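Examining the three-dimensional arrangement
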Number of protein chains: 2
Amino acid sequence: MTRSFLNLSYVSVLACLHSAPHVQAGEGMWLFNDLPHEILKQEYDFDPTQEWADHIMLSSVRFSSGGSASFVSSNGLVITNHHVAADTLHKLSTPESNYYENGFLAAGPENELKAPDLELNQLVSIQDVTDRVNDAVADDLDAEESHKARRAAMSVIEQESLDETGLRSDVITLFGGAKYHLYRYKKYTDVRLVWAPESSAAFFGGDMDNFEFPRYNMDVTMFRVYEDGKPAKIDHYLKWSEHGAGDGEVVFVSGNPARTDRGLTTAALKTLRDNSLPSYLDYLCRMEVAIQQFCYQSPEHQRRGQDELFGIQNSRKAITGMLVGLQNPKFLAEKTTREEELLAKVRANPELEHYAEAWQEVADVQPEKRALLNGGVDFRERYYEIAKELVLMAQEDQKPSEDRLREFSDSGRESLEHELFSPATIYDDLEVAKLSSQLSMFVEQRGGDDPLVVTALDGKNPFERAAQLIGESQLNRVEYRRELAEGGVEAIKSSQDPMIQFFRSLEKEYRARRKKKESLEEIERQAYSQIEEARVAVEGTSGYPDATFTLRLSFGVVKGYEEDGRDVPPWTTFAGAFAHQAAHEAKKPWILPPSWNEAKSRIDLKTPLNFVSTADIIGGNSGSPVVNRAGEFVGIIFDGNIQSLTADYMYDDAVSRAVSVHSSGIREALRSIYNAEELADQLGK
Amino acid sequence: MTRSFLNLSYVSVLACLHSAPHVQAGEGMWLFNDLPHEILKQEYDFDPTQEWADHIMLSSVRFSSGGSASFVSSNGLVITNHHVAADTLHKLSTPESNYYENGFLAAGPENELKAPDLELNQLVSIQDVTDRVNDAVADDLDAEESHKARRAAMSVIEQESLDETGLRSDVITLFGGAKYHLYRYKKYTDVRLVWAPESSAAFFGGDMDNFEFPRYNMDVTMFRVYEDGKPAKIDHYLKWSEHGAGDGEVVFVSGNPARTDRGLTTAALKTLRDNSLPSYLDYLCRMEVAIQQFCYQSPEHQRRGQDELFGIQNSRKAITGMLVGLQNPKFLAEKTTREEELLAKVRANPELEHYAEAWQEVADVQPEKRALLNGGVDFRERYYEIAKELVLMAQEDQKPSEDRLREFSDSGRESLEHELFSPATIYDDLEVAKLSSQLSMFVEQRGGDDPLVVTALDGKNPFERAAQLIGESQLNRVEYRRELAEGGVEAIKSSQDPMIQFFRSLEKEYRARRKKKESLEEIERQAYSQIEEARVAVEGTSGYPDATFTLRLSFGVVKGYEEDGRDVPPWTTFAGAFAHQAAHEAKKPWILPPSWNEAKSRIDLKTPLNFVSTADIIGGNSGSPVVNRAGEFVGIIFDGNIQSLTADYMYDDAVSRAVSVHSSGIREALRSIYNAEELADQLGK
């Protein structure tokens, strides 16, 4: 389950750059406005036309909650992963109707279920605005002023674009700050659930099989976008391939990889290896144990907590794999060699040698970045997040849009409010479990005598304090949130809500740490922009930028691999799923749902179910369509194998594989297992 | 499950002292040679005779693996907890005969199963040797020299006693160094399994119910000690009470509490709160997740890993509770007030004021103690531990016994070898899982560029390195261990075993850190000895010393308590166990074994099963007999409730409770569920 790693504040999210000469055959997360025509021609004898690229781009969909998808019918069908849809499936479920666990199929359009807070984005244009952004930053500004000026310039560009086009407009930082592109998105906010399989089919093998291959997962869910209360009419959608892709065939993946760090200097990689990832892994293991304890209490606790738990386990498994990769001495040795080679060339050239400073600048900020890792006030708990947004928004709205913290600019307000005023149920018991664990870690990290800790605990232990804050808060009421939002600073100041008051007592610290962090990122941005210039000067081309949760095109071939001396074939089938169940004595998590076991005799068991390819993907690519040369849908990405987890830092096509559900498997399941003939008939039409 | 917290090197294990005037009614872990006659007379109108005390002491048994027990028949029956026996039950089990999970009942003496490496200790005498130890430490020695001189003196006393009596002889440090007592033990090493219930009866409710009450656990296992191949004839054993103890009745607990920290200064408590416990909790959560992943792979993995997993979960739950208690600002506020009151009196008295320095000395060593918390080379993995003992032993044996590291003195050699040459099976896959996780943490804590880390990994990632070290080591062969032990330094030096070589590459660091740690402990020992003197001078009495995994007598009354406004009665019954199973829909871990469900109609369901008392216990007390005034067996300690977890630092009899299996419940289970009439008839006879 390649869940998006967005919002991982424990890990640096700076987008960086990559060295092109080391690009391998299947490597690259390419910009749609800068596709690698040479490589494609050379490796695959394929030269995509502008029309082909535009069609794929316009057929692609981004889930703002973190994940990718595509349009697969003219009447608005959107296909994504079950695990991308999980958050929505949980929000639509009740103790009586658990759609996450038991699946869902709308009998007709009138039965499709509206998601409480989904926002889907369709990228419609890309524009280079690098010069405009850089011109706004005068040479003599310090890091904090530079960051402010840059943020203001980006905000103005976004606002102008919004006013002009009405489209969601985001300025994206690429190559660590060497380029800025304006991305315009059409938004869909009326999104309805059409079909989901049971979680035991989607997540067959559970946490144990996650990131493994062979796999047998129907990790698919379908929604439909509506406009004006009717299914939207979609011009660009993917045709459904008759047979899918064959062994060795080239395939393309169009999706939104969230983050890669392939351009990091060795100094920055060492911070990840020795500080950021270990700290984040400690956090994840502590939370996994806490949420698991919560879930064990009863089936209803399990229902409430399982999405959270799966998310944490998924990240834990991913981070563990990444960390083991980074801890392999060979890895940093190779990165160091490459870096030293490049630096030697830079230093040897009088016109370039001033660039060498940039590497030192990145190294110099590492101690300060490490100091910010622990003891922060970024609690990941729903009441707290709501309080934080309301308090900050009231303050920020007193400034002109371009001077605000980035998420509070006018251009992003609609999306922000869509989420902030979501009517989705909040489960207090789960929230208390989350907040109390995080408060406990907060005390540990700052020490029990720290004045801010003393204030935060208010004389209670972490559990008592979390229970009181959540038990007495009114922020679960959407009307109260709206009231506070409309009342602005005065309403916030006079609010007696304990969670509002709690965040207010931490606001100064929050702002100070954020300001510090953004200044350090600005220094890195300027340094990486210099490094990119130096690299292009030495190596002649810029390749592709590190991932930024924006649309990219990857490609590769359908291809098995070797593991522990065994050949792992590129395909699995329905027959394999039943055999896998039998091999584990049908014990949890290896129990296929009753629908599968009952339908076994009707299924064409030789139909392909999952397959692997060498395409270069990472978290955020979940739900990305896999298409063939003809632009037809042949599958949907849902995972990478365990060997692909180091792709964050370095791509390797020897054993690293993207794992997809096969298009034919989806159609076969709809027809032979789910009695969803009508839905199957709409696919690609 | 109150498992012993022995060998928790992450947590300070220094034994300390306690302030007597704050002793509550049920408080105290009293020395058998210094029982609180005044309190017992005043509170319970009971004045134990020397004969009574000696009988209880001689009927008590210590499991050297960590836990308590008692003799309950003249023919050698020993009763302890199932969770104390778990290690042995696992070692006796195979994939075909899983005695841990399915239980065991010997059809007759000839079917009793010999434990591979158990050593049971019966305390037979206590002697004060304080003056002899202190006289050996000259005033002008520094901390390292003092520690060495003290260690030598203790070693000489032990060796003399062993030579003289043939008994295991341990000098115990009490009151943090104010007193030294010589404890002599009769050892039993031929110990055979007689009866164990199923783990689902012993650990009904699993990790979820652990540390909770009401409880319904048959957490009991019986062994028999043998001498010269025959059941040992035991003079001192406990009679079995006809009805057990009634509500409000006084009861006594005779067992080996492992560690308390009630005498710590506030400076030392803050190190626990902000450093030691958080670091240990991070370790536990990381290991819990890793071992859980291991167990999930198959039923056989589960069998191999479950004892390890339960141990980790038990510690994790205990440490979490202790940490939350320490993080409660009220707790340290009260400790601070008490400390300041005492210090004020000390400073106000010209004859005492020099003692005030001692508190400062404890505070001064805290930063150095914190610096030793992480990055150590104390990996808890069987191959590594064997290699460590063999390498150190070869070196140490070249010195006179009294100059060696404490565990290698001649007087302890028999016990050391009993464990080192244990034929118990080692499961390589489980060991790899343990070592690779710990190697990964080692890299994180020291950083990947640390020279020792570079050496330790030998160019591999932590998983590859662990797999290689264990895969290529011969230390699983007992003969090879014996060979190396006999070959001494030369054999070690020429050994090609990778694990031996691995520890040798870390030996210098191991010795340096240990030396540093022992010097710091010596400084603390001297300071706490001063603090104890000051306290006795101000308050007039010394009370009881902090726990040291030696025999103590606790007492209290059978008594319910109030929780969240509800009255919790002191008893549960068999009927309650079945009701608890039904309330959880008989889902794991709330499934009673088939034997119970089948026997339900035969059981007298009103028979008491578990009960609580106010007796003061802690980890290590598991398996302690609970006796009445008449010295009869009325139950066996197996847990403390969640509110008792802060007992490590402060006793509170309002809600803190010890949880026991009731004597009548044990007899009823043997007769009505396990068809063990013959065994039941031996109890107390």
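- Per an unreviewed UniProt entry, chain A goes by Dipeptidyl-peptidase and derives from Bythopirellula goksoeyrii.
- In its Function (unreviewed entry) section, UniProt records this for chain A: "Catalyzes the removal of dipeptides from the N-terminus of oligopeptides."

Considerations on the overall build of chain A
- Along its length, chain A carries 23 helices and 21 strands.
- A compact globule built from 685 residues would reach a C-alpha radius of gyration of about 26 Å, and chain A, at 25 Å, matches this within 12%.
- Each principal axis of the C-alpha atoms in chain A carries an extent, and together these give about 70 × 65 × 50 Å.
- Summing over all exposed atoms, chain A offers an accessible surface of approximately 24800 Å²; the carbon and sulfur share of this is 47%.
- Of the side chains in chain A, 74 bear a positive and 111 a negative charge, and the two mean positions are spaced by 2 Å.

A word on the relation of the copies chain A and chain B
- Aligned on chain B, chain A shows an RMSD of 0.0 Å; the corresponding rotation is 180° and the shift along the axis is 0.0 Å. When the rotation and shift are considered jointly, the pair of chain copies conforms to a two-fold rotation axis.
- Taken together, the interface assignments show that 100% of the residues at the interface of chain A recur at the interface of chain B, consistent with an identical surface on both copies.

Some points on the interface of chain A and chain B
- Tallying the contact residues gives 40 residues for chain A and 41 residues for chain B.
- Roughly 3400 Å² is buried in total at the junction of chain A and chain B, and carbon and sulfur atoms are behind 51% of that figure.
- Our count for the contact surface shared by chain A and chain B stands at six salt bridges.
- A salt bridge links B:D282 to A:R286; the nearest nitrogen and oxygen atoms lie 2.9 Å apart.
- Joining chain A to chain B, the criterion identifies 15 residue pairs in polar contact (both at pLDDT 80 or more).
- Those elements giving two or more residues to the side of chain A that touches chain B turn out to be α8 (206-209), α9 (266-296), α10 (299-327), α11 (329-348), α15 (428-446) and α17 (462-472) of chain A.
- Of all the elements, α9(A) adds the most residues to the side of chain A that touches chain B, at 13 residues.
- Per-class residue counts for the side of chain A that touches chain B are 14 nonpolar, eleven polar and 15 charged.

Brief notes about the sheet that holds strand β17 (residues 571-573) of chain A
Residues and elements named next belong to chain A.
- Pairing is antiparallel across the open sheet formed by eight strands, whose spatial order is β1-β14-β13-β19-β20-β21-β18-β17. At either margin of the open sheet sits one strand with a lone partner, and together these are β1 (30-31) and β17.
- Bridge analysis of strand β13 (residues 250-255) against strand β19 (residues 625-627) gives two bridges, and the strand direction is antiparallel. From the neighbouring strand, F252 faces β19, where its bridge partner is V627.
- Its contacts with the sheet place helix α1 (residues 37-44) against β1, β13 and β14 (552-557), and it is angled at close to 15° to β14.
- Each of β17 and β18 (608-613) is contacted by helix α20 (residues 574-583), which is oriented at about 75° to β17, the strand it contacts most.

Here we look at helix α22 (residues 663-673) of chain B
All names here are of chain B.
- Counting buried residues along α22, ten of its eleven residues qualify, which places the element largely inside the surrounding structure.
- Buried within α22 are the following residues: S663, S664, G665, I666, R667, E668, A669, L670, S672 and I673.
- Following α22 by one or two positions, N675 has its phi on the positive side, about 50°.

Details of the pattern of salt bridges
- All told, the structure shown has 115 salt bridges over all chains when counted by the stated rule.
- When the shortest N-O distance is used, the salt bridge between A:K91 and A:D117 registers 2.9 Å. Taken as a pair, A:K91 in helix α3 (residues 82-92) and A:D117 in the loop between β6 (113-114) and β7 (120-128) lie far apart in primary sequence, 26 residues in all.
- Relative accessible area serves as the criterion here: at 12%, A:D117 is assigned to the buried category.
- With a shortest N-O distance of 2.8 Å, B:R304 and B:E300 are connected by a salt bridge. Placement of the pair is B:R304 and B:E300 together in helix α10 (residues 299-327), with a separation of four residues, close to one helical turn.

Quick word on a negative patch on the surface
- A cluster of like negative charges, contributed by A:D139, A:D140, A:D142 and A:E145, occupies part of the molecular surface.
- Topologically, A:D142 is positioned in the loop between α5 (130-135) and α6 (143-165).

A short note on the pairing of strand β20 (residues 633-640) of chain B
Residues and elements named next belong to chain B.
- Judged by how many residues are buried, β20 sits mostly within the fold: eight of eight residues are covered.
- Relative to β20, strand β19 (residues 625-627) runs antiparallel, the two sharing three bridges. If you follow V626 over to β20, its bridge partner there is G635.
- In textbook terms, the turn of a hairpin is the stretch between consecutive antiparallel strands, and for β19 and β20 this stretch comprises five residues, one of which, G631, has a positive phi near 75°.

Brief notes about the environment of A:A387
Residue and element names in this part refer to chain A.
- Secondary-structure assignment places A387 in helix α13 (residues 382-396).
- On the basis of relative accessible area, A387 is assigned to the buried category, the value being 0%.
- Expressed as a C-alpha distance, the spacing of A387 and I492, which sit 105 residues apart in the sequence, is 9.5 Å.
- Excluding anything up to four places from it in sequence, A387 contacts L475, M499, I500 and F503.

A short note on the sheet that holds strand β18 (residues 608-613) of chain B
Residues and elements named next belong to chain B.
- Taken together, eight strands build an open sheet; the order of strands is β1-β14-β13-β19-β20-β21-β18-β17 and the sheet is antiparallel. In this open sheet, the two edge strands, each paired with only one partner strand, are β1 (30-31) and β17 (571-573).
- Across five bridges, the pairing between β20 and strand β21 (residues 658-662) is antiparallel. Bridging across to β21, I637 finds its partner in S660.
- Relative to the sheet, helix α1 (residues 37-44) contacts β1, β13 (250-255) and β14 (552-557), its axis offset from that of β14 by approximately 15°.

Here's the deal with the packing of aromatic side chains
- Applying the stated criterion across every chain, the model contains 49 aromatic pairs over all chains.
- Considering the side-chain rings of B:F63 and B:F223, the 5.8 Å spacing of their centres and the 55° angle between planes classify their relative orientation as tilted. You can see B:F63 sitting in strand β2 (residues 60-63) and its partner B:F223 sitting in strand β11 (residues 221-227), a full 160 residues away along the chain. This pair shows no difference in class: B:F63 is buried, exactly as B:F223 is.
- One aromatic cluster in this structure is built from A:F379, A:Y384, A:F442, A:F502, A:F503 and A:Y510.

Rules behind the numbers
- Residues numbered from 1 in each chain as written.
- Chains lettered and ligands numbered in written order.
- Predicted model: local features only at pLDDT ≥ 70, side-chain atom pairs only at ≥ 80, totals over all residues.
- Heavy atoms only, no water.
- UniProt positions renumbered as here; feature names shortened; annotations may be inferred.
- Helix = DSSP H or I, 4+ residues; strand = E, 2+ residues; numbered from the N terminus.
- Rg over C-alpha atoms; globule rule 2.2 N^0.38 Å.
- Areas by Shrake-Rupley, 256 points an atom, 1.4 Å probe, with all protein chains shown as cover.
- Lys, Arg positive; Asp, Glu negative; His and termini not counted.
- Charge placed at Lys NZ, Arg CZ, Asp CG, Glu CD.
- Least-squares fit on C-alpha atoms with pLDDT ≥ 70 in both.
- Contact = heavy atoms within 4.5 Å.
- Buried area = accessible area lost by both parts, 1.4 Å probe.
- Salt bridge = Lys/Arg side-chain N within 4 Å of Asp/Glu carboxyl O.
- Polar contact = N/O pair within 3.5 Å; in protein donor to acceptor, adjacent residues only side chain to side chain.
- Nonpolar A, V, L, I, M, F, W, Y, C, P; charged D, E, K, R; others polar.
- Pairing = 2+ DSSP bridges.
- Axes fitted to C-alpha atoms, helices over the stretch in contact; angles between N-to-C directions.
- Buried < 20%, exposed > 50% of the residue type's maximum accessible area, 1.4 Å probe, protein only.
- Patch = residues over 30% accessible without salt bridge, like charges linked within 9 Å, V, L, I, M, F, W, Y side chains within 5 Å.
- Phe/Tyr/Trp six-rings, centres within 6.5 Å; stacked < 30°, edge-to-face > 60°.

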